[in-house]
Amino acid sequence: MIYIYNDYAGTHTTAMAAAYHLKQLPQSERKLTTEEILNVKYFNKLTRQDFGKLLYHGDDEDGNSVFTIGCKRDKLAVPAMKELTLLLQEKYHFNEKIIFSHTSPAVPLPMSLGGFFSRGLKIDFIGVPLLVIGAKQCCDNIFRLVENTKQVGRTAFNENVIILDNEMYK
């Protein structure tokens, strides 16, 4: 199975989701520390050149691959990836289950502003503190989003490619 966490930039909530999924962050709903947040792989480190790239984070305890991707505002990117995957599965007869899990609904305003200042304008002294505030606000939602994503992965569905919009984590 392959898990792909996706959002606008692929460097904040997706990085946190991958870290929770791979048990690189404490597996609880407690608030993260500033150090834990800033030590997450790829957290606030990606640039515009990284948009659209699938980034491998590792394999989980069940041997499932975990990736992230930043899709910018393109709401068609994930559906297009789904259609391509279905085409390849049909043509080459492989049945790897793939779950796309959208993390943007969990993004609070401070994180959006922090990403704009830090990644967009390169003003880290304003952006990074806002990102940390936002990450602390949403870490419990991200944790629950990941737990739900993993549960969906364990559940038998007729579909090999599943897209989770995760609107309940707003």
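Since this is a predicted model, take the numbers as computed values, not measurements.

**Q** Looking at this model, I keep getting lost on the pairing of strand β2 (residues 55-59). Mind explaining?
**A** Consecutive side chains of a regular strand alternate in pointing toward one face of the sheet and then the other. Sheet topology places β2 next to strand β3 (residues 65-70); 4 bridges connect them, and they run antiparallel. When the sheet's bridge partners are listed, Gly58 is paired in β3 with Val66. In this structure, the hairpin formed by β2 and β3 is closed by a connection of 5 residues, where Gly63 is found at a positive phi of approximately 85°.

**Q** Please explain a positive patch on the surface as it appears in this structure.
**A** A contiguous patch of positive charge on the surface is contributed by Arg48, Lys72, Arg73 and Lys122. One can find Arg73 in the loop between β3 and α3 (77-92).

**Q** Looking at this structure, how should I read the sheet that holds strand β5 (residues 161-164)?
**A** Within a beta sheet, neighbouring strands are joined by backbone hydrogen bonds and run either parallel or antiparallel to one another. Strand order in the open sheet formed by 5 strands is β2-β3-β1-β4-β5, and the pairing between neighbours is mixed. Looking at the sheet topology across the chains shown, the edges are occupied by β2 and β5. Strand-to-strand twist in this sheet, taken as the mean axis angle between neighbours without regard to direction, amounts to 20°. Examined bridge by bridge, strand β1 (residues 2-7) and β3 share 6 bridges and lie parallel to one another. Within the sheet, the bridge partner assigned to Tyr5 lies in β3 and is Thr68.

Cut-offs used in this document
Residues numbered from 1 in each chain as written. Predicted model: local features only at pLDDT ≥ 70, side-chain atom pairs only at ≥ 80, totals over all residues. Heavy atoms only, no water. Pairing = 2+ DSSP bridges. Helix = DSSP H or I, 4+ residues; strand = E, 2+ residues; numbered from the N terminus. Patch = residues over 30% accessible without salt bridge, like charges linked within 9 Å, V, L, I, M, F, W, Y side chains within 5 Å. Areas by Shrake-Rupley, 256 points an atom, 1.4 Å probe, with all protein chains shown as cover. Salt bridge = Lys/Arg side-chain N within 4 Å of Asp/Glu carboxyl O. Lys, Arg positive; Asp, Glu negative; His and termini not counted. Charge placed at Lys NZ, Arg CZ, Asp CG, Glu CD. Axes fitted to C-alpha atoms, helices over the stretch in contact; angles between N-to-C directions.

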